[in-house]
Amino acid sequence: MRLSLINKSGKPPGAARRTVFVVVLTVLCALVGPGVGVGWADSGGGPAAVAASPDAAKRPAWQATSSTPSPGLPAQKQSSGASPSLLACDTHAVGTWAYNDQAGVQHNGMNMQVQVRDLRTGARIAGLTNSAGRYDICFTAAQFTQLYITFAAENGAWRVQNGTNIYNWSTPVRANPVAGSTVNFGTQVPGDGTAGHRAAHAFDEANDAWVGVPHTNGCWDPKDTTCRQLRINWSNTAVGDTDFYDQVGNVVQLLAVTPDAPMEVMHEIGHALMDDVYNDAFPSTVGCPRPHPPNQASTAVCAWIEGWADFFSLAMYHTPVFQFGIGTSMNFEFPTWGFNGVGNGDVTETRVAGALWDLIDINSSGAETWDQHSEGFGAVFFPLARHVDNTLASFWSSRGTEGFDVSDSSLGSLYQNTIDYGYRKPLLDARGQFLPAFVFPGPPQNFSLNTAVHSWSVVALRPSNPNDFNLLLYDDRAQTSVLGGSALGGQTVDFVAIDSNLRPVGDYYPRVSLFQGGPGTYTIESVMGFDTLQPGSSTSFHLDDSQVAAVQDTPLTAGVPVTITLTTTSPISVASLFVMGDDPSAPSTFVQSRSSAVASAVGSNSGGQPVSVTFTPTRTGEYGIVTTFDNVGGDYTLTRS
């Protein structure tokens, strides 16, 4: 998977005019008959098309063809001399076009050009095969007395060529069809062996791209008024060190065996598509190492160019696993933070491709920690088509300008692939999240939460043995204004409490940093206090193992002693109790760390033991009672006396 480093000084040739009808009537004088020479579409020459079994593999369920527009027929080249005029049709030619893939499996070919031709007069009527590879073309029997069919690897949107010759295959002549009849040519495949089947396969791989790309105007580029035809140059004897996209000639260049590897073909089509929608302002490949192993960091431009082409192939074939022609594969879904051997960030091809894939995939199993987003391919393609972006970061800015999702939901897909553009994983009230820690030293992990009630709230973190984490709480998304933090050692639960009785409700941004250990795990949770523990009362609640803390308000009076007790019915539960208080005249005290508690009692390691605090408050006001769950959840009762 390499993009050749070439001079971009050349000018693209004019794009062929697109014809919008599936079947178009044209007339040409034949230059040679069927089955003669190499030939190309205009001549009707070329290798033979031979009969094959009608049985073919079905198109995959995800490849929906019903809404795909016809690519139309290419603009025709008229030969010299007068052309006969076609009469009204009274007879039909029907059949199916197919080819065999590298495993010998037969597939019906969609959007292949089918020419009903006459050897004697040169009359020709052309159309395209449908999604099942079928064609049905009407003609006048009296005008086609030397009838044959030519299948040409060209339509208005793409073609497969060998130099200047377009691949085509012709059937034997059928003389004197009966007016009003249907001439069935059956299922035809290339008659020139591996070479023909590879050429037809390359054509169908371009069709896979045509079906997968959203169309608003019948072109590859939704901005075009004159469509560019995708050209694929292939020869069964082509040699070299790599496939590439020629930016000067606007041609995909393939090696001899590449059509046997659909995803490698699609990778190069991805380059061609980027060049098309960028109107030839293709990003500079200067500084792109050659070869450029996808797992190694290079430059942001190189990673964007190649990462897009990788992703395009994955998207068109609905899989995160890239299959190479040599029999190996690469799973772009797998690498994430802390994955050995893969560079991090948007300077690494693998990370860019994985990030774009995670934007559109469906993480139904929830196996990916940070990627919980899913959208259609169009949400990636249309921003690409409307802006010329040389890096993923630039594309991300353009994506936001176009109104597509750039929130934490989609930023998580990038973060899953070690690309952090300001991701803040949302914390939902009273829902603990069990998360992985990266290798040490590793990047911090950032979160967001919102307080919505005028009471005490808490964000708490419980590490897994033997890791130790630090917790900071910021007031702003950019994380420049620290409000408080907790950095106790070992497996102690760290927390920061917020008094929204005095501080306005709103957004906060926790940051978790690995202090020592790793890789490992931790659980983080944010909780708002919806209940108030009144004097002489008790309240019971249940917490599951994913939860870290609970919080309640309690009104206290200065100088009046109070005892608060926490009991549990679980013989193994270890819980601790903290009373948080602040100074109404000092806003800096409205956010409190664990070590700032006015009273506390740490649970016994033996488990199942009650914990209790007795103290005399120095100020009157709403205090926060924070309970931390140091190992597992259970049923708890909180009593004030």
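Residues numbered from 1 in each chain as written. Predicted model: local features only at pLDDT ≥ 70, side-chain atom pairs only at ≥ 80, totals over all residues. Heavy atoms only, no water.

**Observations regarding the confidence of the model for the protein**
Averaged over every residue, the pLDDT of the protein is 89; residues scoring 70 or more account for 90%. Taken together, the stretch residues 1-43 has pLDDT below 50 and engages in 163 contacts with residues farther than four places along the chain or on a different chain. (pLDDT = per-residue confidence, 0-100. Contact = heavy atoms within 4.5 Å.)

**Concerning the environment of Thr336**
Here Thr336 lies in the loop between β18 (329-331) and α4 (349-360). For the pair formed by Thr336 and Tyr522, sequence separation is 186 residues and the distance between their alpha carbons is 17 Å. (Helix = DSSP H or I, 4+ residues; strand = E, 2+ residues; numbered from the N terminus.)

**Quick word on the state of the cysteines**
Applying the stated criterion to the full structure yields three disulfides. Between Cys288 and Cys302 runs a disulfide, and the two sulfur atoms are separated by 2.1 Å. Classification of the bridge connecting Cys288 and Cys302 rests on its S-S torsion, roughly 105 degrees, and on that basis the disulfide is right-handed. Taken together, the residues span a long stretch of sequence, with Cys288 in the loop between α2 (262-277) and α3 (300-316) and Cys302 in helix α3 at a distance of 14 residues. On the basis of relative accessible area, Cys302 is assigned to the buried category, the value being 2%. (Disulfide = S-S within 2.5 Å. Buried < 20%, exposed > 50% of the residue type's maximum accessible area, 1.4 Å probe, protein only.)

**Some details on the packing of helix α1 (residues 193-212) against α2**
Across the interface, α1 lies against α2 with an axial gap of 10 Å and an inter-helix angle of 60 degrees. In terms of orientation, α1 lies oblique with respect to α2. Helix-helix and strand crossings are classified by hand; for α1 and α2 the assignment is right-handed. In this structure, α1 uses His201, Glu205, Ala206, Asp208 and Ala209 to contact α2, whose residues at the interface are Pro262, Val265, Met266 and Ile269. When its residues are assigned to classes, the contact of α1 with α2 shows six nonpolar, one polar and two charged. (Axes fitted to C-alpha atoms, helices over the stretch in contact; angles between N-to-C directions. Parallel < 35°, antiparallel > 145°, perpendicular 65-115°, else oblique. Left-handed = near helix turned anticlockwise from the far one by under 90°. Nonpolar A, V, L, I, M, F, W, Y, C, P; charged D, E, K, R; others polar.)

**Digging into helix α5 (residues 378-386)**
The buried fraction of α5 is high, at eight of nine residues. For α5, the full list of buried residues reads Gly378, Ala379, Val380, Phe381, Phe382, Pro383, Leu384 and Ala385. Buried-residue contacts for α5 involve α2, α3, α4 and α6 (392-401).

**Brief notes about the packing of aromatic side chains**
Within this structure, the stated rule accounts for 28 aromatic pairs. Aromatic side chains Trp370 and Tyr415 sit 5.1 Å apart centroid to centroid with 80 degrees between the ring planes, which places their arrangement in the edge-to-face category. Here Tyr415 lies in helix α7 (residues 408-415) and Trp370 lies in the loop between α4 and α5, a separation of 45 residues in the sequence. The class of Trp370 is buried, set by a relative accessible area of 3%. Arranged with centres 6.0 Å apart and planes meeting at 25 degrees, the rings of Phe541 and Tyr636 form a pair that is stacked. Here Phe541, found in strand β28 (residues 538-543), pairs with Tyr636, found in strand β36 (residues 634-640); they are 95 residues apart in sequence, far enough to count as distant. One aromatic cluster is present, built from ring pairs that chain together Trp97, Tyr135, Phe151, Tyr167, Trp169 and Trp234. The cationic tip of Arg174 hangs over the ring face of Phe185; the distance from NZ or CZ to the ring centre is 4.4 Å. (Phe/Tyr/Trp six-rings, centres within 6.5 Å; stacked < 30°, edge-to-face > 60°. Lys NZ or Arg CZ within 6 Å of the ring centre and 35° of its normal.)

**Points about the pattern of salt bridges**
Think of it this way: side chains of opposite charge can pair up when their charged atoms draw near. Applying the stated rule across the entire model yields eleven salt bridges. Between Lys223 and Asp221 there is a salt bridge, with its nearest N and O atoms 3.0 Å apart. The salt bridge partner of Glu402 is Arg386, with a shortest N-O separation of 3.5 Å. Here Glu402 is found in the loop between α6 and α7, whereas its partner Arg386 is found in helix α5, with 16 residues between them in sequence. Since its relative accessible area comes to 42%, Arg386 is described here as partly exposed. Among the charged side chains, a network of salt bridges with common partners joins Arg228, Asp275 and Asp280. (Salt bridge = Lys/Arg side-chain N within 4 Å of Asp/Glu carboxyl O.)

**Some thoughts on the nonpolar core**
Residues Trp169, Trp308, Phe312, Leu356 and Phe381 are the most contacted members of the largest nonpolar core, which totals 104 residues. Ranked by residue count, the leading element in this core is α3, at nine residues. Non-local contacts of Phe381, meaning those with residues more than four positions away in its chain, are made with Val213, Pro214, Trp220, Pro222, Leu273, Val277 and Trp308. Grouped together as the second largest cluster of nonpolar side chains are 21 residues, Leu533, Ala575, Leu577 and Tyr636 included. (Core = buried A, V, L, I, M, F, W, Y, C linked by side-chain atoms within 4.5 Å.)

**What about unusual backbone geometry?**
Here the amide bond leading from Asn465 into Pro466 is cis, since omega sits at 10 degrees, within 30 degrees of zero. Tracing the backbone shows Pro466 in the loop between β22 (456-463) and β23 (468-474). Positive phi, close to 55 degrees, is recorded for Asn250, a residue that is not glycine. Relative accessible area serves as the criterion here: at 6%, Asn250 is assigned to the buried category. One non-glycine residue, Gln479, lies in the positive phi region at around 60 degrees. Structurally, Gln479 is set in the loop between β23 and β24 (482-486).

**Things to note about the sheet that holds β36**
By way of backbone hydrogen bonds, the strands of a sheet pair with one another, either parallel or antiparallel. Strands sit in the order β28-β36-β30-β34 across an open sheet of four strands; the sheet is antiparallel. In this open sheet, the two strands that pair with only one neighbour each are β28 and β34 (611-615). In this sheet, neighbouring strand axes are inclined to one another by 15 degrees on average, regardless of whether the strands run parallel or antiparallel. One ladder, built from five bridges, connects strand β30 (residues 562-568) with β36; its direction is antiparallel. Bridge pairing in β36 links Thr565 to Thr639. (Pairing = 2+ DSSP bridges.)

**Remarks on the packing of α2 against α5**
α5 packs onto α2 with a crossing angle of 50 degrees between their chain directions and a minimal axis gap of 8 Å. In terms of axis orientation, α2 runs oblique to α5. For the pair α2 and α5, the sense of crossing is right-handed. Mapping the contact onto sequence places Leu273, Met274 and Val277 in α2 and Phe381, Leu384 and Ala385 in α5.

**Regarding α7**
Across the eight residues that make up α7, a large majority, seven, are buried. Every buried residue of α7 is listed here: Asp408, Ser410, Leu411, Gly412, Ser413, Leu414 and Tyr415.

**Description of the pairing of β36**
Pairing between β28 and β36: six bridges, direction antiparallel. Across the sheet, residue Leu543 finds its bridge partner in β36, namely Gly634.

**As for the sheet that holds strand β14 (residues 230-234)**
Read across the sheet, five strands follow the order β10-β9-β14-β16-β15 without closing on themselves; strand pairing throughout is mixed. With partners counted over all chains shown, the strands left at the sheet margins are β10 (165-166) and β15 (244-246), one partner each. With four bridges joining them, β14 and strand β16 (residues 251-254) adopt parallel strand pairing. Counterpart to Trp234 in the pairing with β16 is Leu254.

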